[in-house]
Structure formats: C-alpha cells, structure tokens
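Per-entry structural report
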Amino acid sequence: MSKWDKLIEEVLKLNRNLRFGDLAKALIKIGYVQNQPKGGSSHYTFRKVNCVPVTLPKSKNTQIDIVYIRKVRDAIIDYMESGGEES
C-alpha cells in the first residue's frame, strides 16, 4: 500500500491523530491550492475550482478538531466519486 493510500485510509477513518500537514498534503494531492493566511491568522484556506473551500487551522503540538478532518474527508469522497478528475 502506498503512502498516499495509507493517508487516504486514515482520513476516511477519521483518525484523530492526523495533523495539519497530513490534511494539507491530501488536499493538495487532489487539486486544491493552499492560500496562506493574512493578518496574523492561523487558518489556511484550500481552494479548488467548482469546489467548496476548506479552511484548516495550523498550530503546532495540537490535534486538529474532528470537524476539520470531516471536511477533508468530504472533499476526498467528492474527488473519488468524480472519478478522480480535476474540476
């Protein structure tokens, strides 16, 4: 099983041990573009044409809330249901 497959499996299982970097990597892999925060915010927004933007908090040493993992899971499911095609 590839690293990508393992990552997707963990996201789909809603693994609470996932970090910002894992979720960001998954979103970028399926075609989202990372936008850095402005004005001191710690939240990064990931955008993709014809898709709902996904915003994730980036902080060191803390787990990501399950709500954010669900948003990434939903984006991955939409990607997989569309046949893995870029929008």
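This text gives an overview of the structure that appears in the document. Since the model is a prediction, treat every value here as computed from it, not as a measurement.

Observations concerning the nonpolar core
Leu23, Leu27, Phe46, Leu56 and Val72 are the most contacted members of the largest nonpolar core, which totals 23 residues. Breaking this core down by element, the ones donating at least two residues are helix H1 (3-12), helix H2 (20-29), strand S2 (43-47), strand S3 (54-57) and helix H3 (66-81). The element contributing the most residues to this core is H3, with six residues. With residues up to four places along the chain from it excluded, the contact list for Leu23 reads Val11, Leu18, Leu56, Ile64, Ile69 and Val72.

A few points about the packing of H2 against H3
Across the interface, H2 lies against H3 with an axial gap of 10 Å and an inter-helix angle of 20°. Considering their axes alone, H2 and H3 lie roughly parallel with respect to each other. You can see that H2 and H3 cross each other, and the crossing is left-handed. Each of Leu23, Ala26 and Leu27 in H2 lies in contact with H3, whose residues at this interface are Ile69, Val72, Ala75 and Ile76. Class assignment for the residues of the contact of H2 with H3 results in seven nonpolar, no polar and no charged.

Brief notes about the environment of Lys25
One can find Lys25 in helix H2. Between the alpha carbons of Lys25 and Ile64 there is a distance of 14 Å; along the sequence they are 39 residues apart.

Re H2
An α-helix turns once every 3.6 residues. As a result, residues three or four positions apart point the same way. What H2 keeps buried is the set Phe20, Leu23, Ala24, Ala26 and Leu27. Buried residues of H2, seen end-on, are gathered within an arc of 160° and therefore sit on one face of the element. Facing away from the buried side of H2 by more than 90 degrees, the exposed set consists of Lys25 and Lys29. Buried residues along H2 sit in contact with H1, strand S1 (33-35), S2, S3 and H3.

Notes on the packing of aromatic side chains
Taken as a whole, this structure holds two aromatic pairs when the rule is applied. For the pair Phe20 and Phe46, a centre-to-centre distance of 6.2 Å together with 45° between the ring planes defines the contact as tilted. In this pair, Phe20 sits in helix H2 while Phe46 sits in strand S2, placing the two residues 26 residues apart along the sequence. Like Phe46, Phe20 is buried. One aromatic cluster is present, formed by Phe20, Tyr44 and Phe46 through successive ring pairs. The side chain of Lys29 reaches across the aromatic face of Trp4, ending 5.7 Å from its centre.

Criteria and cut-off values
- Residues numbered from 1 in each chain as written.
- Predicted model: local features only at pLDDT ≥ 70, side-chain atom pairs only at ≥ 80, totals over all residues.
- Heavy atoms only, no water.
- Core = buried A, V, L, I, M, F, W, Y, C linked by side-chain atoms within 4.5 Å.
- Buried < 20%, exposed > 50% of the residue type's maximum accessible area, 1.4 Å probe, protein only.
- Helix = DSSP H or I, 4+ residues; strand = E, 2+ residues; numbered from the N terminus.
- Contact = heavy atoms within 4.5 Å.
- Axes fitted to C-alpha atoms, helices over the stretch in contact; angles between N-to-C directions.
- Parallel < 35°, antiparallel > 145°, perpendicular 65-115°, else oblique.
- Left-handed = near helix turned anticlockwise from the far one by under 90°.
- Nonpolar A, V, L, I, M, F, W, Y, C, P; charged D, E, K, R; others polar.
- Arc of directions from axis to C-beta.
- Phe/Tyr/Trp six-rings, centres within 6.5 Å; stacked < 30°, edge-to-face > 60°.
- Lys NZ or Arg CZ within 6 Å of the ring centre and 35° of its normal.

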